[in-house]
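Per-entry structural report
Below, each chain spelled out in residue letters.
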Amino acid sequence: MSTTSSSNGLLPTSMSGRHDDVEAGGSDRTQDEHHEQLEHDPDDPFDLDNTKNASAQSLRRWRQAALVLNASRRFRYTLDLNKEEHYENRRRMIRAHAQVIRAALLFKLAGEQQIGAVASSSTTTPSASTGNFDIDLEKLVSMTRNQNMSSLQQHGGVKGVAEKLKSNLEQGIQEDEKEVIDRKNAFGSNTYPKKKGKSFYMFLWEAWQDLTLIILIIAAVTSLALGIKTEGLKEGWLDGGSIAFAVLLVIIVTAVSDYRQSLQFQNLNDEKRNIQLEVMRGGRTVKISIYDVVVGDVIPLRIGDQVPADGVLISGHSLAIDESSMTGESKIVNKDQKSPFLMSGCKVADGVGSMLVTGVGINTEWGLLMASISEDTGEETPLQVRLNGLATFIGIVGLTVALVVLVALLVRYFTGTTQDSSGATQFVKGTTSISDIVDDCVKIFTIAVTIVVVAVPEGLPLAVTLTLAYSMRKMMADKALVRRLSACETMGSATTICSDKTGTLTLNQMTVVETYAGGSKMDVADNPSGLHPKLVALISEGVAQNTTGNVFHPKDGGEVEISGSPTEKAILSWAYKLGMKFDTIRSESAIIHAFTFNSEKKRGGVAVLRGDSEVFIHWKGAAEIVLACCTQYMDSNGTLQPIDSQKEFFRLAIDAMAKNSLRCVAIACRTQELNKVPKEQEDLDKWSLPEDELTLLAIVGIKDPCRPGVREAVRICTSAGVKVRMVTGDNLQTAKAIALECGILASDTEAVEPTIIEGKVFRELSEKEREQVAKRITVMGRSSPNDKLLLVQALRKNGDVVAVTGDGTNDAPALHEADIGLSMGISGTEVAKESSDIIILDDNFASVVKVVRWGRSVYANIQKFIQFQLTVNVAALIINVVAAMSSGDVPLKAVQLLWVNLIMDTLGALALATEPPTDHLMHRTPVGRREPLITNSMWRNLLVQSLYQVAVLLVLNFAGLSVLGLKQDSNHAHAVEVKNTMIFNAFVMCQIFNEFNARKPDEMNVFSGVSKNPLFVAIVGVTFVLQILIVTFLGEFAHTVALSWQLWLASIVIGLVSWPLAVVGKLIPVPRTPMSVYFKKPFRKYRASRSA
């Protein structure tokens, strides 16, 4: 076991934001003091403030340095450093032997079904029968897996395969439950058998691996054997049996707590894997779970999507797939009719298309891979690493104390100065039998080991996992799905949030409210009466073909259904009201090439072939950018006019709409001579659509209202010391108007450069200039994803802890670079979600603020637990050391210390680590990432309570017989037992009452909000009841005797005094400079002198 003394957890570690308390407001410090605390200590393996992209070497280093008694339990939720290698090996094996592995898995599943281990045969394994379909499952799987083009041609290409699967390439399968079930029966479901999680017995086994508990069991067995031999079975089993039972109780309670945590993580993992996607069924676009995809489904593919199953490309434009997750090669593969096979688990890197599903679940390589690897929930979090450092430091102190106690007790025993409860000397040279000596030495050794159990806070680092598991479960209710544990706590340190506008600050419910077409503003945005039919026809064609959305007319004549992104839906709805015949237009003309919407260029276009002779190119995008490409416009008579004289009019119209918070989109087109269009598909794929000499058809203003409550959420962030920045691709005027509406900008006077800035301007600055300007930016308009990345990098270099929201594929680098990446659950692509740390399920900025609250709550709860646990540590150690050195005996016996350890470690963590967040948390500056874990106010509270407990218990230990009126007791041994029971009872009562103090380390009212945490009340109540049972009914087992009601009252009063004492203690002022600075200085001087 490697151990390195570390000051981490005691040392100041603040990069951003400071606070001297746990729940209340922060305080300012001088620049010099703050600078002294910022220093990173390269020699401290636990000084790791950011684990998001930490190297494997630094992660290994802290693990090797930690003092660990139970490695399997302590490192259960840390990152598997060999995970990547294991994943790669499995991937290679599956690629090479997919057929054999699939056959073995099917055989195993069939065997499980026969013995009843699998409930349903239709949901996981496909049956041999392919039902009413004209293609065999094995041939289908083989064709896709081997990417066999000749086999595809034999089946009649993708159209022939679709016919054999009874699917329609345009409308998909029928939207019928029976149809879906038939397909699942014939070809399997899109699920795979998950590796079974650890059983409860495994958690029992891991809890048993604790070195100290193993030593205690050995000691208990030895004591049991000696006791039975010397005293007989009736009396002799008590000492050893009681210790053994107490150890078993600790193991069971620990295992139950750990098992519950693992179930919570398992549920969260299931949520993460359950991707929602769009499929075509019965001509309608419907949203379903990835698990409900079946063979024959037609699935539209867009940038950022995950390919949900194996399949064949139906049609596509510039479709590029990232197959690195399956092939291991980070090469983007273009998909077309020559290379139409798509593999499940890959990502769409560019373009658009649609696919026909031919393989699902374990009939895909992705399914086999997922079935063969277990989900790794492990991950380092900064708090986890620092708490391991703190636990190591405390553990070394505890080991030293235990050794001192062991030596002191052995010396006193063998020098004949130790007496038993009746006053007789325990060891007399030449008289005491070997059996008695061994028995007494085993008891002494047991006490020393039990001190180690109490002193080494093995549960301290695990308290982070407990509070994170609790927080993650509760955050789901607050519409936040945590993908990375560390993000949950890092969010508490966030000093700035760079937020998107659309859908996050706004509702993403878009409608066209203003239209400029025919050279003037339309009176009614969607009334075509004033427009020439030719103009309406061109607008309709441009909208119908240049879209990723869809218009569905129900057969029963119900209301038309429009699907797509909110912007697409708004424009499609507007064009439909103008008279657009979506299906007719799509059937009369064909897209021959497409340039998918690009967030860099802010526009997208398509080349449309009408009949055999005419090619039109339609563009749609940011109004001022498309307008700059236009040389003419079509007037209300359908005549083309030069745009020069009207360009200023259109610019002013765009500005006016932008100032009214409208998103401005322009629609334009041009003709293209057929002989200038590439004939070959390969040349066509490389063709750049002409974007000059365009004809402006219309400019629309789209209203997207601010979300209710977003202004209040921004105000809360600002008062909590978190600056909100808006980063949007929209026009700067639109961004400014929304920022004013949301409260991100306080007034018009603030709206000057660089407070509001265009992405292009920021991009062109030097790196040093960007770092200076970034501090002042509040709104960035017309920004590209790369501008967002540059802003994040600049802010982080300035020492900010940056949270970033993003929804597009191109946002992935910024989400990955930021301290906390927040993707959007509704509008976000799968690539964005996978690059993020937290998914905001409702896309609402108010949910981001709730995540900040939870992040601060995690840190505060851990600090509460630390204060409570260290108080117990200090008091228990001092009492036993002083008693051992002075009298050769300890008042707190092994079984009693194990019960205290249970209260302190497992039950204490449950009670304090699951405190819900309070509004108080948002009334302070952000938690510094290098903030000391033990603040000055915590030191004060801890010392006040510890000194009180030590003083009271030492008085009871040395003067207890007099104070408690036990000197008159004729039975001296009984009197000593009453005194020791009183010490034990008073000590536990102090912990029960001090648990309330730990809830509010810096507030006078420690009871506020206690009713909102029923778990806390229940644990305190259970602890109190169990203490009564232990003292009253388990006397021989726990080395206690029944106490009179007067002594019970006295014990409760002793515990109760901790409440007013805590109030008085909080009146004691504490210095601003953290105590940890004084701890650190001697270490630094020593290291400096050695290095010199």
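Residues numbered from 1 in each chain as written. Predicted model: local features only at pLDDT ≥ 70, side-chain atom pairs only at ≥ 80, totals over all residues. Heavy atoms only, no water.

1. Digging into the overall build of the protein
In terms of helices and strands, the protein carries 39 helices and 26 strands. Relative to all contacts within the protein whose residues are 6 or more apart in sequence, the contacts with residues 24 or more apart total 75%. Here the protein has roughly 43900 Å² of accessible surface; of this, 56% comes from carbon and sulfur atoms. (Helix = DSSP H or I, 4+ residues; strand = E, 2+ residues; numbered from the N terminus. Contact = heavy atoms within 4.5 Å. Areas by Shrake-Rupley, 256 points an atom, 1.4 Å probe, with all protein chains shown as cover.)

2. Focus on the pairing of strand β4 (residues 310–322)
In this sheet, strand β7 (residues 347–359) lies alongside β4 in antiparallel orientation, the contact comprising ten bridges. Residue pairing across strands places Ser315 opposite Ser354, the latter belonging to β7. Taken together, the two bridges between β4 and strand β6 (residues 341–342) define a ladder with antiparallel strand orientation. Pairing of Val312 across the sheet is with Phe341, part of β6. (Pairing = 2+ DSSP bridges.)

3. Remarks on the side chain of Glu995
Tracing the backbone shows Glu995 in helix α34 (residues 972–999). Although buried, Glu995 forms no salt bridge, and the nearest oppositely charged side chain, Arg999, lies 9.2 Å from it. With residues up to four places along the chain from it excluded, the contact list for Glu995 reads Phe868, Leu907, Gly908, Ala911, Leu912, Phe1016 and Val1020. (Buried < 20%, exposed > 50% of the residue type's maximum accessible area, 1.4 Å probe, protein only. Lys, Arg positive; Asp, Glu negative; His and termini not counted. Salt bridge = Lys/Arg side-chain N within 4 Å of Asp/Glu carboxyl O.)

4. Quick word on the sheet that holds strand β8 (residues 480–482)
Across a sheet, strands are paired by hydrogen bonds formed along the backbone, either parallel or antiparallel in direction. Within the open sheet, the eight strands sit side by side as β8-β26-β25-β24-β9-β21-β23-β22. Their pairing is mixed. The two strands at the open ends of the sheet, each matched to only one other strand, are β8 and β22 (756–758). When strand polarity is set aside, the average angle formed by the axes of neighbouring strands in this sheet is 20 degrees. Where strand β21 (residues 723–727) lies against strand β23 (residues 779–781), two bridges are found, and the strand directions are parallel. Its bridge partner being in β23, Val727 is matched across the sheet by Met780. (Axes fitted to C-alpha atoms, helices over the stretch in contact; angles between N-to-C directions.)

5. Description of the packing of aromatic side chains
Per the counting criterion, the structure on display carries 15 aromatic pairs. On the basis of an interplanar angle of 65 degrees and a centroid distance of 5.7 Å, the ring pair of Phe203 and Tyr259 is categorised as edge-to-face. With a gap of 56 residues between them, Phe203 in helix α9 (residues 200–208) and Tyr259 in helix α11 (residues 233–273) connect regions that are remote in the sequence. Judged by relative accessible area, which is 27%, Tyr259 ranks as partly exposed. The rings of Phe993, Phe996, Phe1007, Phe1016 and Trp1059 are connected pair by pair, giving a single aromatic cluster. Lying over the aromatic face of Trp619, Arg603 brings its terminal NZ or CZ to 5.9 Å of the ring centre. It is Arg610 that lies over the ring of Phe616; its NZ or CZ is 4.0 Å from the centre. (Phe/Tyr/Trp six-rings, centres within 6.5 Å; stacked < 30°, edge-to-face > 60°. Lys NZ or Arg CZ within 6 Å of the ring centre and 35° of its normal.)

6. Quick notes on the environment of Ala737
Among the secondary structure elements, Ala737 is positioned in helix α25 (residues 732–742). Looking at Ala737, the relative accessible area reads 12%, which means it is buried. Between the C-alpha atoms of Ala737 and Lys659, which are 78 residues apart in sequence, the distance is 5.7 Å. In this view, Ala737 contacts Ala658, Lys659 and Ser661; residues no more than four positions away in its chain are not counted.

7. Notes on the pattern of salt bridges
As enumerated under the stated definition, the model contains 36 salt bridges in all. For Lys335, the salt bridge is made with Glu323, and the minimal N-O distance between the two is 3.1 Å. Taken together, the residues Lys335 in the loop between β5 (332–334) and β6 and Glu323 in the loop between β4 and α12 (324–327) connect sequence positions twelve residues apart. Accessibility classification places Lys335 together with Glu323 in one group, the buried group. Measuring nitrogen to oxygen at the nearest pair gives 3.4 Å for the salt bridge that ties Arg651 to Glu648. Here Arg651 pairs with Glu648, and both are found in helix α22 (residues 647–659), just three residues apart, close to one helical turn. Several salt bridges converge on common partners, so that one network encompasses Glu175, Arg284 and Glu561.

8. Some words on α22
The terminal C-alpha atoms of α22 lie 18 Å apart, and with 13 residues this matches the ideal 18 Å at 1.5 Å per residue to within 8%. The complete set of buried residues in α22 reads Lys647, Phe650, Ala653, Ile654, Met657 and Ala658. Considered in projection along α22, the buried side chains sweep an arc of 130 degrees and stay on one side of the axis. Exposed and facing more than 90 degrees away from the buried side of α22 are Leu652 and Lys659. Among the structural elements, β10 (511–517), α21 (623–628), β17 (630–634), β19 (662–672), β20 (694–703) and α25 are those in contact with the buried residues of α22. Where α22 terminates, the next one or two residues include Ser661, which has phi positive at roughly 70 degrees. (Expected span 1.5 Å × (residues − 1). Arc of directions from axis to C-beta.)

9. Re the pairing of strand β14 (residues 589–598)
Pairing between β14 and strand β15 (residues 603–610): seven bridges, direction antiparallel. Within β15, the residue paired with Ala594 across the bridge is Val606. Hairpin connection between β14 and β15: a loop of four residues separates the two successive antiparallel strands, and Lys602 in this loop has a positive phi of roughly 60 degrees.

10. Structural notes on unusual backbone geometry
With an omega of 5 degrees, the peptide bond between Glu753 and Pro754 qualifies as cis. Along the chain, the position of Pro754 falls in the loop between α25 and β22. Located in the positive-phi region is Gln147, a residue other than glycine, with phi close to 50 degrees. Here Gln147 shows up in the loop between α5 (137–145) and α6 (149–154).

11. Section: the side chain of Ser823
Its place among the elements puts Ser823 in strand β25 (residues 820–824). The class for Ser823 is buried, based on a relative accessible area of 0%.

12. Re the environment of Arg707
By the secondary structure assignment, Arg707 is in the loop between β20 and α24 (710–719). Measuring from C-alpha to C-alpha, the distance between Arg707 and Leu505 comes to 5.9 Å, with 202 residues separating the pair along the chain. Residues within four places of Arg707 in sequence aside, it is in contact with Gly503, Thr504, Leu505, Thr506, Leu507, Asp842, Asp843, Asn844 and Phe845. Engagement of the side chain of Arg707 in a polar contact is seen with the backbone oxygen of Thr504, the distance being 3.4 Å. (Polar contact = N/O pair within 3.5 Å; in protein donor to acceptor, adjacent residues only side chain to side chain.)

13. Comments concerning the confidence of the model for the protein
On average, the protein scores 81 in pLDDT, and the residues at 70 or more come to 82%. Per-residue pLDDT stays below 50 along residues 1–38; that stretch engages in 144 contacts with residues further than four places along the chain or on separate chains. Predicted confidence for residues 115–129 stays below pLDDT 50, and this span has 30 contacts to residues more than four positions away or in other chains. (pLDDT = per-residue confidence, 0-100.)

14. A closer look at the packing of helix α33 (residues 936–963) against α34
For the pair α33 and α34, the least separation of the axes is 9 Å and the interaxial angle reads 170 degrees. By the angle between their axes, α33 is roughly antiparallel relative to α34. A class-by-class count of the residues in the contact of α33 with α34 yields eleven nonpolar, nine polar and one charged. (Parallel < 35°, antiparallel > 145°, perpendicular 65-115°, else oblique. Nonpolar A, V, L, I, M, F, W, Y, C, P; charged D, E, K, R; others polar.)

15. Describing a nonpolar patch on the surface
On the surface, Val1022, Val1025, Leu1026, Leu1029, Phe1033 and Leu1034 cluster together into a nonpolar patch covering about 520 Å² of accessible area. Within the element layout of this structure, Val1025 appears in helix α35 (residues 1014–1033). (Patch = residues over 30% accessible without salt bridge, like charges linked within 9 Å, V, L, I, M, F, W, Y side chains within 5 Å.)

16. Points about the packing of helix α14 (residues 382–414) against helix α31 (residues 845–887)
Following both chains from N to C, one finds α14 and α31 inclined at 10 degrees, their axes separated by 9 Å at the closest point. One finds that α14 runs roughly parallel with respect to α31. Grouping the constituent residues of the contact of α14 with α31 by class yields 18 nonpolar, five polar and two charged.

17. Describing a negative patch on the surface
The grouping of Glu680, Glu682, Asp683 and Asp685 at the surface amounts to a negative patch. When you line up the elements, Glu680 lands in the loop between β19 and α23 (681–686). Glu680 sits in the exposed class, given a relative accessible area of 54%. (Charge placed at Lys NZ, Arg CZ, Asp CG, Glu CD.)

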